Amino acid sequence: MFIIGELLNGMYKEVGEAIKKKDKSVIQRIAKEQVARGAGALDLNCGPVSKDPVQDMQWLIQAVQEAVDIPLSLDSTKANVIAEGLKLVKNKAIINSTSADAEKLEILVPLAIQYNASLIGLTLDKKGVPQDKDRRLELAARIVADCQEKGFPVENLYIDPIVLPVNVAQNQARDVLEVLREFKIISDPPPKTVVGLSNVSQGTCNRSIINRTFLAMAIGAGLDAAILDPLDKELMNVLITSELILNKQIYCDSYLDAYRKK
Ligand code: THG
């Protein structure tokens, strides 16, 4: 399971303020903590209130790269924020994200090819987030076909079905779990899959148990990667144990510690 740490997001008060004040120490501490707890990449998102997202993203990238040597996921809806950020990324980059809209694919797929980056494709278009799983599958197929046409390797594409909070869209979580499996029959080789895990529990008062349960079910459905909070120890225990149950880790009495020492 590929773990993308979610905590460097301006949505979090502490991070939003650090970006505003250009306080590297907060950013670098959170970067190091996430890597120490098993993140294989870090998601960087300036947050909704950034007044100059190009500059803020570039500052974030540089601050993080001074502290850790790890792939970075550039999380922005603006293609120019991603394009300007890619110029500075030293390690592997993940473009987070394109939608299924032709105008976005036109810019972001060639950038992914140019920088040998991974690409996250959201099953989303101008009409918004699909309300059913067939529409998610259709949009995923459109993204896969576009990557194939442009010569981007589908193995480096992560399809994100868009997880919605259970308190506002309770019927969607099950659709997401089902469509995660169906994405694998779109092409051969199939695209990989990713979710923004914490979305599922936003606005609820049982966040961590909802995150954990959904993660176990999604891993059971073949999920390849997740944007999540690696500092949630019980969540990470669920992740490691799910892989054990699926025979992706070797059992020993101390398997939780053994995984963390890898
Ligand atoms: N897919 C992709 N990228 C994504 C998402 C996705 N990036 C952003 C997001 N969704 C994943 N990251 C987060 C980060 C934080 C939270 C949820 C998802 C979160 N934050 C607290 C909240 O809103 O309640 C912030 C409040 C606080 O604690 O200060 O839940 O789906 N490709």
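Structure report, in brief. Along each chain, the written sequence defines residue order, and numbers are assigned to residues from 1. Where local features are concerned, this predicted model is filtered to residues with pLDDT of at least 70; where side-chain atom pairs are given and counted, the filter is 80 or more; whole-chain, interface and lining totals use all residues. Heavy atoms throughout the structure, all of them, feed into the side-chain values; hydrogens and water do not.

### Some remarks on the pairing of strand β2 (residues 41-44)
Buried means the residue's accessible area, taken with a 1.4 Å probe over protein chains only, is under 20% of the maximum for its type, while exposed means over 50%, and partly exposed covers the values in between. Each helix corresponds to a stretch of at least 4 residues labelled H or I by DSSP, and each strand to a stretch of at least 2 residues labelled E; elements are numbered beginning at the N terminus. Burial of the side chains of β2 extends over both faces: A41 and D43 are buried on one face and L42 and L44 on the other. Strand pairing follows a simple DSSP-based rule, namely that at least 2 bridges must link the two strands. Relative to β2, strand β1 (residues 2-5) runs parallel, the two being bridged by two bridges. In the strand pairing of β2, I4 is matched with A41. When β2 meets strand β3 (residues 72-75), the two strands line up parallel, connected through three bridges. Among the inter-strand pairings, L44 is bridged to a residue of β3, identified as L74. Regarding topology, helix α3 (residues 53-67) serves as the crossover connection from β2 to the parallel β3, and that connection is right-handed. Here the term right-handed applies to a crossover when the path leading from its first strand over the helix to its second strand runs clockwise, the strands being oriented away from the viewer.

### What to know about the site of the ligand
A cutoff of 4 Å decides nearness: a residue is near a molecule or strand if any of its heavy atoms lies inside that distance of it. In the vicinity of the ligand there are 16 residues, among which D75, N96, D160, N199 and R207 approach most closely. One of the side-chain N or O atoms of N96 is found 2.8 Å from a nitrogen atom in the ligand. Here, Shrake-Rupley sampling with a 1.4 Å probe gives the accessible areas, and only protein chains in the shown set may cover a residue. Relative to its unbound accessible surface of 670 Å², the ligand loses 76% to contact with the protein. Think of it as three bins: nonpolar holds Ala, Val, Leu, Ile, Met, Phe, Trp, Tyr, Cys and Pro, charged holds Asp, Glu, Lys and Arg, and polar takes everything else, Gly as well. Counted by class, the shell around the ligand contains five nonpolar, six polar and five charged residues. Two N or O atoms form a polar contact when they lie within 3.5 Å of each other; inside protein one atom must be a possible hydrogen donor and the other a possible acceptor, and for residues adjacent in sequence the pair counts only when both atoms belong to side chains.

### Concerning helix α9 (residues 233-245)
Its 13 residues place the ends of α9 18 Å apart at the C-alpha level, agreeing with the 18 Å of an ideal helix rising 1.5 Å per residue. Along α9, the positions that sit buried rather than exposed are L235, M236, N237, L239, I240, S242, E243 and L244. Note on contacts: a residue pair is in contact if any heavy atoms of the two residues lie within 4.5 Å. In this structure, the buried residues of α9 make contact with β1, α8 (207-220), β8 (225-228) and α10 (255-261). Just downstream of α9 lies N247, where phi reads positive at about 65°. What a helix is expected to span follows from its residue count: subtract one and scale by 1.5 Å.

### Considering α8
Spanning 14 residues, α8 covers 20 Å between terminal C-alpha atoms, matching the ideal 20 Å at 1.5 Å per step. For α8, the set of buried residues is N211, F214, L215, A218 and I219. One face of α8 carries all of its buried residues, which in axial projection span an arc of 130°. As for α8, its buried residues are in contact with α7 (172-182), β8 and α9. To obtain the arc, one takes the directions from the helix axis to the C-beta atoms.

### Section: the side chain of S99
Within the element layout of this structure, S99 appears in the loop between β4 (93-98) and α5 (102-115). By relative accessible area, S99 is classed as buried at 6%. One polar contact links the side chain of S99 to the main-chain amide nitrogen of D101, over a distance of 3.2 Å. Ignoring anything within four residues of it in the chain, the contact list for S99 reads K104, L105, L122, L124 and I143.

### A closer look at the sheet that holds strand β6 (residues 157-160)
The strand order around the closed barrel built from eight strands is β1-β2-β3-β4-β5-β6-β7-β8, with neighbouring strands paired in parallel fashion. Adjacent strand axes in the sheet meet at a mean angle of 25°, parallel and antiparallel pairs treated alike. Think of each axis as a best-fit line through the C-alpha atoms, taken over the contacting stretch in the case of a helix, with angles from 0 to 180 degrees between the N-to-C directions.

### Comments concerning the packing of helix α2 (residues 24-36) against α3
Contact geometry of α2 with α3 gives a least axis separation of 9 Å together with a crossing angle of 55°. In terms of orientation, α2 lies oblique with respect to α3. The handedness of the crossing between α2 and α3 comes out as right-handed. Residues K24, I27, Q28, A31 and K32 of α2 form the contact with α3, whose participating residues are W59, L60, A63, V64, E66 and A67. Within the contact of α2 with α3, the residues separate by chemical class into seven nonpolar, one polar and three charged. Roughly parallel refers to an angle under 35 degrees, roughly antiparallel to one over 145, roughly perpendicular to one between 65 and 115, and oblique to any angle outside these ranges. In a left-handed crossing the near helix is turned counterclockwise from the far helix by less than a right angle, and in a right-handed crossing that turn is clockwise.

### Focus on the packing of aromatic side chains
Given two aromatic rings, their pairing is described by the distance between the two centres and the angle made by the two planes. Any two of the Phe, Tyr and Trp rings considered here, Trp counted by its six-membered ring, make a pair once their centres fall within 6.5 Å; the pair's planes then place it as stacked at under 30 degrees, edge-to-face at over 60, or tilted in between. Applying the stated criterion across every chain yields a total of one aromatic pair. Taking the centre distance of 5.8 Å and the plane angle of 45° together, the rings of Y251 and Y255 count as tilted. In this structure Y255 comes out as buried when scored by relative accessible area, which is 15%. A ring is considered to have a charge above it if a Lys NZ or an Arg CZ atom is located within 6 Å of its centre and within 35 degrees of its normal. Over the ring of W59 we find K22; its NZ or CZ atom is 5.5 Å from the centre of that ring.

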